[in-house]
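# Analysis of the macromolecular model
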Amino acid sequence: MSDTAASDAPLTAHTQTPETAGGADPQSGSIIRKVAVSSFLGNFIEWFDYASYSYFATVIAAVFFASEDPTAALISTFAVFAVSFVMRPIGAIFWGSMGDKKGRKWALSVSIFMMSGATFLIGCLPSYAMIGLGAPLLLLLLRMIQGFSAAGEYAGAATFLSEFAPRDKRGLYCSLVPASTAVGLLVGSTLATLMTIFMPEADVQMWGWRIPFLLAGPLGLIAHYIRTKLEDSPTYLEMQDELQAKQSEAQHPIRELFQHHLRELLVSFGACMLNAVGFYAVLTYLPTYLETAVGMPAEDSQMATTISLVLYILFIFISGKISDRFGRKKMLVTACVLFIVLTVPAFMLLNTADFWVVLVVELAMCFILTINDGTLSSYLTETFPTSVRYTGFALSFNLANAIFGGTAAMIGTSLIAATGSTLAPAWYMVGVSVVALVAMILSHENSDKELDKI
């Protein structure tokens, strides 16, 4: 539990408050709204930082690395960025275990404080010109802390939210988590674009690039404050009450996960593979692909991606709601089949470099991806029992993203260079989709069950 004073009176689904008294359902009132807001903010901060770091990569390279070789500095900047993905599986094990042992609230309250704090401190770092080698070393350290702490955010937010949400609206509520990542990506890239348009280039390089990172500080404090005012989910508290009644202790989450739920972990990892490759390929790699492989003007490719990202957010909520009616397995299988059938033809159309054709294709791919992305978070929370839910979700999701998500752009570019075919990334996505389809065929449908019955 987070260290809050007794007078703070944290809100809980088992406690009558002025907001829930009088017969109101606490799960549909102010408590779940607070859970939703804190879940949204945590993932928003993470992806707002992702977009800011990517967009200002050339500026960050000039600030933190020796300027004699700009290319080497840029490579170093992206190498530091990649470290955050390496730290995610390590963070997933830690935060997942703590979330299952000490509570969702504890893990989320501490992780958001660390993640937003590290992001804020990046905005305060001195430059290479001021302290020399210490600048990139401090940047590396903070990026490692970011990656470590962010590993618990997505899984924890989805787990926390799902355990408060009504069973028949679990998909809709959980879709808020992937939607917040897309909003963070959109706002980050939009703010960076506006700054480069309206600010003098010298000001952007001198201090303007720091603004997005500094904003993470107050946003993180707001999310942390909201989380300390909430109690752990009813499902988690019920599990703890049962253990206390039996006078027994829960098995260590990692040990229990690998001993009793290895099949579910492997199936979940397979499902997350497609999400990892699809998200990074469609929303972050495609602009680069269109510029470098297709020869499309940068402003056109970026505009098509931005429009697609706006509609992507809407599509996610629609997919989450539909999954409540038809089930998670059908949705995820459908996404796999559509990617297998349509990815190669979609890339063929992208090669026309025609703006309107590219826009329609990107919208179609975004819609297919949201069938997966808008459903995956609720599916993962329903795959594991309460005692290992946070750990199983965090490990499968972050491991897949570290191996397949963070490398999607690199593999796509390398495949084009090795084969000479601009369709090579499409075939890679088809291969990943086939693996994910096999995993989903082996999965079980649990959307009709209460989480304490899984």
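Residues numbered from 1 in each chain as written. Predicted model: local features only at pLDDT ≥ 70, side-chain atom pairs only at ≥ 80, totals over all residues. Heavy atoms only, no water.

## Thoughts on the overall build of the chain
Secondary structure assignment for the chain yields 20 helices and zero strands. The C-alpha radius of gyration computed for the chain amounts to 22 Å, which stays within 12% of the reference 22 Å derived for 454 residues, consistent with globular compactness. Each of the 454 residues in the chain was classed as buried or not, and the buried ones make up 57%. Taking as baseline every contact in the chain between residues at least 6 positions apart, the subset at least 24 positions apart corresponds to 85%. Here the chain has roughly 18200 Å² of accessible surface; of this, 68% comes from carbon and sulfur atoms. Between the mean site of the 25 positive side-chain charges and the mean site of the 34 negative ones, the chain shows a separation of 8 Å. (Helix = DSSP H or I, 4+ residues; strand = E, 2+ residues; numbered from the N terminus. Rg over C-alpha atoms; globule rule 2.2 N^0.38 Å. Buried < 20%, exposed > 50% of the residue type's maximum accessible area, 1.4 Å probe, protein only. Contact = heavy atoms within 4.5 Å. Areas by Shrake-Rupley, 256 points an atom, 1.4 Å probe, with all protein chains shown as cover. Lys, Arg positive; Asp, Glu negative; His and termini not counted. Charge placed at Lys NZ, Arg CZ, Asp CG, Glu CD.)

## Regarding the packing of aromatic side chains
For the structure on display, the rule yields 24 aromatic pairs. Measuring from centroid to centroid gives 4.8 Å for Trp47 and Tyr50, while their planes differ by 50°, and the two rings are tilted. In this pair, Trp47 and Tyr50 both sit in helix H1 (residues 30–55), three residues apart, roughly one turn of the helix. Residue classification places Trp47 among the buried positions, given a relative accessible area of 7%. By relative accessible area, Tyr50 is classed as buried at 11%. (Phe/Tyr/Trp six-rings, centres within 6.5 Å; stacked < 30°, edge-to-face > 60°.)

## With respect to the environment of Val110
For Val110, the location among the structural elements is in helix H4 (residues 104–122). As for Val110 and Arg227, which are separated by 117 residues in sequence, their C-alpha atoms are 9.7 Å apart.

## What about the nonpolar core?
Core analysis: the biggest nonpolar cluster contains 126 residues, and Phe64, Leu139, Trp209 and Tyr289 have the highest contact counts within it. Of all the elements, helix H14 (residues 262–294) adds the most residues to this core, at 18 residues. Apart from residues lying up to four places away in sequence, Trp209 is in contact with Phe56, Val59, Ile60, Val63, Phe64, Ile122, Met195 and Val204. In this structure, Leu257, Leu265, Val388 and Leu395 belong to the second largest nonpolar core, which totals five residues. (Core = buried A, V, L, I, M, F, W, Y, C linked by side-chain atoms within 4.5 Å.)

## As for unusual backbone geometry
Positive phi is not limited to glycine here, since Ala353 has a value of about 65°. Considering the arrangement of structural elements, one finds Ala353 in the loop between helix H16 (328–350) and helix H17 (355–381). Residue classification places Ala353 among the partly exposed positions, given a relative accessible area of 28%.

## Observations regarding the packing of helix H13 (residues 253–260) against H14
For the pair H13 and H14, interaxial distance at closest approach is 5 Å and the crossing angle is 90°. On the basis of the axis angle, H13 is roughly perpendicular to H14. Along its contact with H13, which presents Leu257, Phe258 and His260, the element H14 presents Leu262, Glu264 and Leu265. Here the contact of H13 with H14 is built from residues that sort into four nonpolar, one polar and one charged. (Axes fitted to C-alpha atoms, helices over the stretch in contact; angles between N-to-C directions. Parallel < 35°, antiparallel > 145°, perpendicular 65-115°, else oblique. Nonpolar A, V, L, I, M, F, W, Y, C, P; charged D, E, K, R; others polar.)

## So, the pattern of salt bridges
In the structure shown here, the tally under the stated rule is ten salt bridges. Here Arg104 ties to Glu163 by a salt bridge, and the two come within 2.7 Å at their closest N and O atoms. Of this pair, Arg104 sits in helix H4 while Glu163 sits in helix H7 (residues 153–164), placing them 59 residues apart in sequence. Both residues of the pair, Arg104 and Glu163, count as buried. Its salt-bridge partner being Glu450, residue Arg167 comes within 3.9 Å of it at the nearest N-O pair. Within this pair, whereas Arg167 is found in the loop between H7 and helix H8 (170–174), its partner Glu450 is found in the segment after helix H20 (424–441), the two being separated by 283 residues in sequence. Using a relative accessible area of 32% as the deciding quantity, one classes Arg167 as partly exposed. (Salt bridge = Lys/Arg side-chain N within 4 Å of Asp/Glu carboxyl O.)

## Things to note about the side chain of Ser447
One can find Ser447 in the segment after H20. At 2.6 Å, the side chain of Ser447 forms a polar contact with the side chain of Glu445. Residue contacts for Ser447: discarding those within four places in its chain leaves Arg167, Arg170, Gly327, Arg328 and Glu382. (Polar contact = N/O pair within 3.5 Å; in protein donor to acceptor, adjacent residues only side chain to side chain.)

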